[in-house]
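Commentary on secondary and tertiary structure
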Amino acid sequence: NAGVTQTPKFRILKIGQSMTLQCTQDMNHNYMYWYRQDPGMGLKLIYYSVGAGITDKGEVPNGYNVSRSTTEDFPLRLELAAPSQTSVYFCASSYLVLRSSYEQYFGPGTRLTVT
Amino acid sequence: DQQVKQNSPSLSVQEGRISILNCDYTNSMFDYFLWYKKYPAEGPTFLISISSIKDKNEDGRFTVFLNKSAKHLSLHIVPSQPGDSAVYFCAASVNTGGFKTIFGAGTRLFVKA
């Protein structure tokens, strides 16, 4: 049971390039999330998904796209990288149970630098 | 608009003493509050949570207190250990049909041996 895995761990992009951050979970969780963490800040929700085929915007969705074709995978796409997207990106998953605490399981993160 | 605030960026405590981390929130619709712990180069890990209908939840050395009237919660770690040195994030969740979790900026805890 690997939990939540993310690839790559590190990436440097030039302005205007595109890339996909991969996220996979093997816990059969229905909810998945993408966050970004800027220095000295908390985690900001980019997009989330409540199940395969269903996604919705979080607090900071501009410049990103997501898809959820399977329960396990939730890739995050950056189409035109900008320096403002330099951040650490975390993928997370959770299993929604009524009256649960909504705890999320996080991947190790992807450190992205755009120059 | 910061809905979840952790006003202390860092805290230093002697090993064996109590660590108290504080968190304030503004949205009265939050129904669960959580604490996550994060080591460098790792993702956050869930530590403890509390429902909005309770005022205390305890798990071993960790206790979370919720004061709804003051919109304030705190995490107590007793006794503190050097391995507790990490960044602690306060988070609050609300079910809006999907649900969303808002995180505070974190407090870095140093436990000195």
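Residues numbered from 1 in each chain as written. Chains lettered and ligands numbered in written order. Predicted model: local features only at pLDDT ≥ 70, side-chain atom pairs only at ≥ 80, totals over all residues. Heavy atoms only, no water.

**Looking at the layout of surface pockets**
Its volume calculated, the largest pocket comes out at about 670 Å³. Gln37, Val88, Phe90 and Arg111 of chain A together with Lys38 of chain B are the residues nearest the centre of the largest pocket, which is lined by 30 residues in total. Within the residue set of the lining of the largest pocket, elements represented by two or more residues are strand E9 (87–94) and strand E11 (110–114) of chain A together with strand E9 (86–95) and strand E11 (107–112) of chain B. A total of four residues in the lining of the largest pocket trace back to one element, the largest contributor, which is E11 of chain A. Here the residues of the lining of the largest pocket are counted per class, giving 14 nonpolar, eleven polar and five charged. Roughly 180 Å³ of internal volume is contained in the second largest pocket. Residue lining of the second largest pocket: 13 residues in total, with Lys44 and Glu59 of chain A together with Gln2, Ile102 and Phe103 of chain B positioned closest to the centre. Here the residues of the lining of the second largest pocket are counted per class, giving six nonpolar, four polar and three charged. (1 Å grid on protein atoms, 1.4 Å probe; cavity = no way out; pocket = protein on both sides within 12 Å on 5 of 7 lines; lining within 4 Å. Points joined across faces, edges and corners; volume = space filled by probe spheres on them. Helix = DSSP H or I, 4+ residues; strand = E, 2+ residues; numbered from the N terminus. Nonpolar A, V, L, I, M, F, W, Y, C, P; charged D, E, K, R; others polar.)

**Structural notes on the state of the cysteines**
Enumeration according to the criterion identifies two disulfides over all chains in this entry. For cysteine 23 of chain A, the disulfide goes to cysteine 91 of chain A, at an S-S distance of 1.8 Å. Handedness of the cysteine 23 of chain A-cysteine 91 of chain A disulfide follows from its S-S torsion of about -70°: it is left-handed. On the criterion of sequence distance, the pair formed by cysteine 23 of chain A in strand E3 (residues 19–25) and cysteine 91 of chain A in strand E9 is long-range, its members being 68 residues apart. Assessed through its relative accessible area of 0%, cysteine 91 of chain A is described here as buried. A sulfur-sulfur separation of 2.0 Å characterises the disulfide bridge that pairs cysteine 23 of chain B with cysteine 90 of chain B. Because the sign of the S-S torsion sets the handedness, a value of about -75° for the bond joining cysteine 23 of chain B and cysteine 90 of chain B places this disulfide among the left-handed ones. You can see cysteine 23 of chain B sitting in strand E3 (residues 19–25) and its partner cysteine 90 of chain B sitting in strand E9, a full 67 residues away along the chain. Residue cysteine 23 of chain B is classed as buried on the basis of its relative accessible area, which comes to 1%. (Disulfide = S-S within 2.5 Å. Buried < 20%, exposed > 50% of the residue type's maximum accessible area, 1.4 Å probe, protein only.)

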